[in-house]
Amino acid sequence: MMVITQQMVFDTLNMFAFLAAELTVLFLLISYLVGVLQEYIPPSRIQSILSSKNGKGYVVAGFLGAITPFCSCSTIPFLKGLLRANAGFGTMMVFLFASPLLNPIIIGLFAVTFGLKVTAFYFVIAMGVSIIAGYLLEKLGFEKYIKPEAYIAPENKGCGGSPCNKAESVSKWQKIWYSTWEDFKKVLPYLMGGIALGSMIYGFMPTGFVASVANGNNPFAVPVAAVIGIPLYIRAEAVIPLSTALAAKGMGLGAVMALIIGSAGASLTEVVLLKSIFKNKMIMAFLTVILSMAVGAGYLYSYLF
């Protein structure tokens, strides 16, 4: 029976406060920047760049994800912007998979911690699976599992929700902010609920337990690590150092790879946030892709290295 200590409670509350503040700022900032981009880059331009009818669109979406320093949660406002710009469904999914997995922070830490060979392996797997998954999900017709309201931009309610005497007095920057704030209010319950669950798991799940069930002698260590990684929300800055510590405690290196992909690719908070955009079947497909990528990469890593 696990004994709940004061330190566990402190870690949980500290993580909740940190994530709530960080993700709130990130969501508002990224949503606002997306709104600004849409002012200067017409939807038709984004649609042409990320067009599913053009095979290059998938690769462009993957590299767009790789150069954006987003975590799994902060990818969501950018995804909403792509939806409203009528970008191709397949390319949007490539971006959704690739952005948190291939952001520059993770790649940089990977190179420093594990070396260039392992980093190249990780990059090829994450990029390749993201592109293939986006293509297949589009061909299989999963676009129908996007909620209709996800395409609708929030109504501009004018001056802080009060009618304005002169609409012209509201600048375009204020209009973008009003739209951003309306978006944020819609996802706030999902955001806080996911952060609360993730923080509790973070605070009450001992690293020693994770290492014990995912050690190199356990043939099921890789899938166990992949599954554990999803609810164990870990920021990009922490996932690599934590994985190194777990490896030192006895976790197999293949399981470490699976944990990194599971935790970086699909946090519990992101899954909850996606419910504001996707229907359940689309969320299940998303989780299936991330888990398959994590397990496949883990076993392949164990075999090759």
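Residues numbered from 1 in each chain as written. Predicted model: local features only at pLDDT ≥ 70, side-chain atom pairs only at ≥ 80, totals over all residues. Heavy atoms only, no water.

- Under the annotation held in an unreviewed UniProt entry, the chain carries the name Permease and is attributed to Thalassomonas viridans.
- Under the UniProt heading Subcellular location (unreviewed entry), the note attached to the chain is "Cell membrane".
- One UniProt comment on the chain, placed under Sequence similarities (unreviewed entry), says "Belongs to the UPF0718 family." (UniProt positions renumbered as here; feature names shortened; annotations may be inferred.)

1. With respect to the packing of helix H7 (residues 116-139) against helix H14 (residues 280-304)
Then comes step 1: Running from amino to carboxyl end, H7 crosses H14 at an angle of 150 degrees, the nearest separation of the two axes being 11 Å. Here H7 lies roughly antiparallel to H14, going by the angle between them. Both H7 and H14 take part in a crossing whose hand is right-handed. Across the interface between the two elements, Val 118, Phe 121, Ile 125, Ala 126, Val 129, Ser 130, Ala 133 and Leu 137 of H7 pack against Met 282, Ala 285, Val 289, Met 293, Ala 297, Leu 300, Tyr 301 and Leu 304 of H14.
Then comes step 2: Here the contact of H7 with H14 is built from residues that sort into 15 nonpolar, one polar and no charged. (Axes fitted to C-alpha atoms, helices over the stretch in contact; angles between N-to-C directions. Helix = DSSP H or I, 4+ residues; strand = E, 2+ residues; numbered from the N terminus. Parallel < 35°, antiparallel > 145°, perpendicular 65-115°, else oblique. Left-handed = near helix turned anticlockwise from the far one by under 90°. Contact = heavy atoms within 4.5 Å. Nonpolar A, V, L, I, M, F, W, Y, C, P; charged D, E, K, R; others polar.)

2. Focus: the pattern of salt bridges
Close approach of charged atoms allows side chains with opposite charge to pair.
Then comes step 1: All told, the structure shown has one salt bridge when counted by the stated rule.
Then comes step 2: When the shortest N-O distance is used, the salt bridge between Glu 182 and Lys 185 registers 3.1 Å. Of this pair, Glu 182 and Lys 185 are both found in helix H8 (residues 172-204), three residues apart, which corresponds to roughly one turn of the helix. (Salt bridge = Lys/Arg side-chain N within 4 Å of Asp/Glu carboxyl O.)

3. Points about the nonpolar core
Side chains of a nonpolar character, in soluble globular proteins, are inclined to be buried together.
Then comes step 1: Counting residues in each nonpolar core, the largest one holds 70 residues, and the members touching the most others are Leu 101, Leu 102, Tyr 122, Met 257, Phe 278 and Met 282.
Then comes step 2: Counting residues in hydrophobic clusters, the runner-up holds five residues, among them Met 15, Leu 19, Leu 23 and Ile 195. (Core = buried A, V, L, I, M, F, W, Y, C linked by side-chain atoms within 4.5 Å. Buried < 20%, exposed > 50% of the residue type's maximum accessible area, 1.4 Å probe, protein only.)

4. Here's the deal with helix H3 (residues 56-67)
Then comes step 1: The end-to-end C-alpha separation of H3 is 17 Å, in line with the 16 Å expected for 12 residues at 1.5 Å each.
Then comes step 2: For H3, the set of buried residues is Gly 57, Tyr 58, Ala 61, Gly 62, Gly 65 and Ala 66. (Expected span 1.5 Å × (residues − 1).)

5. Considerations on the UniProt feature "transmembrane region" (unreviewed entry) in the chain
Then comes step 1: As annotated in UniProt, the feature "transmembrane region" (unreviewed entry) corresponds to residues 12-37, 57-79, 91-114, 120-137, 187-205, 251-273 and 285-304 in the numbering used here.
Then comes step 2: Along residues 12-37, the helical share is 100% and the strand share 0%, with 36 Å between the first and last C-alpha atoms.
Then comes step 3: For residues 285-304, the end-to-end C-alpha separation is 28 Å, with 100% helix and 0% strand making up the annotated structure.

6. Structural notes on the environment of Phe 184
Then comes step 1: One can find Phe 184 in helix H8.
Then comes step 2: Taking the C-alpha atoms as reference, Phe 184 lies 7.3 Å from Phe 27; in sequence the two are 157 residues apart.

7. Considering helix H4 (residues 75-84)
For an α-helix, the turn length of 3.6 residues means that residues three or four places apart are oriented alike.
Then comes step 1: Most of H4 is tucked away: 10 of the 10 residues are buried.
Then comes step 2: Of the positions making up H4, those classed as buried are Thr 75, Ile 76, Pro 77, Phe 78, Leu 79, Lys 80, Gly 81, Leu 82, Leu 83 and Arg 84.

8. Things to note about the environment of Met 92
Then comes step 1: Inspection of the secondary structure assignment puts Met 92 in helix H5 (residues 89-101).
Then comes step 2: Residue Met 92 is classed as buried on the basis of its relative accessible area, which comes to 2%.
Then comes step 3: Here the alpha-carbon distance between Met 92 and Leu 79, two residues 13 residues apart in the chain, equals 6.8 Å.
Then comes step 4: Among all residues touching Met 92, those that are not within four sequence positions of it are Leu 79, Leu 82, Leu 83 and Ala 87.

9. What to know about empty space enclosed by the protein
Which parts of space are left empty comes out when a probe the size of a water molecule is rolled across the atoms.
Then comes step 1: Considering all chains together, one arrives at three cavities of 30 Å³ or more under this definition.
Then comes step 2: Each pocket or cavity is described by its volume, and for the second largest cavity that value is around 40 Å³.
Then comes step 3: Listed by contribution, the elements that provide at least two residues to the lining of the second largest cavity are helix H6 (104-114) and helix H12 (253-265).
Then comes step 4: With four residues, H12 is the single largest residue contributor to the lining of the second largest cavity.
Then comes step 5: For the lining of the second largest cavity, the residue count by class is eight nonpolar, no polar and no charged. (1 Å grid on protein atoms, 1.4 Å probe; cavity = no way out; pocket = protein on both sides within 12 Å on 5 of 7 lines; lining within 4 Å. Points joined across faces, edges and corners; volume = space filled by probe spheres on them.)

10. Re a nonpolar patch on the surface
Then comes step 1: On the surface, Ile 132, Tyr 135, Leu 136 and Leu 140 cluster together to form a nonpolar patch covering roughly 420 Å² of accessible area.
Then comes step 2: Mapped onto the elements, Ile 132 comes out in helix H7. (Patch = residues over 30% accessible without salt bridge, like charges linked within 9 Å, V, L, I, M, F, W, Y side chains within 5 Å. Areas by Shrake-Rupley, 256 points an atom, 1.4 Å probe, with all protein chains shown as cover.)

11. Brief notes about the packing of aromatic side chains
Then comes step 1: Using the criterion set out here, one finds seven aromatic pairs in the structure.
Then comes step 2: With 6.3 Å between their ring centres and 50 degrees between their planes, Phe 63 and Phe 123 make a pair best called tilted. On the criterion of sequence distance, the pair formed by Phe 63 in helix H3 and Phe 123 in helix H7 is long-range, its members being 60 residues apart.
Then comes step 3: Since its relative accessible area comes to 26%, Phe 123 is described here as partly exposed.
Then comes step 4: Ring centres 5.9 Å apart and planes at 55 degrees place the aromatic pair Phe 121 and Tyr 301 in the tilted group. Placement of the pair is Phe 121 in helix H7 and Tyr 301 in helix H14, with a sequence separation of 180 residues. Across this residue pair, the class does not change: Phe 121 and Tyr 301 are buried. (Phe/Tyr/Trp six-rings, centres within 6.5 Å; stacked < 30°, edge-to-face > 60°.)

12. As for the side chain of Thr 180
Then comes step 1: Tracing the sequence through the fold places Thr 180 in helix H8.
Then comes step 2: Judged by relative accessible area, which is 3%, Thr 180 ranks as buried.
Then comes step 3: Among residues more than four places away in sequence, those in contact with Thr 180 are Leu 28, Ser 31 and Tyr 32.

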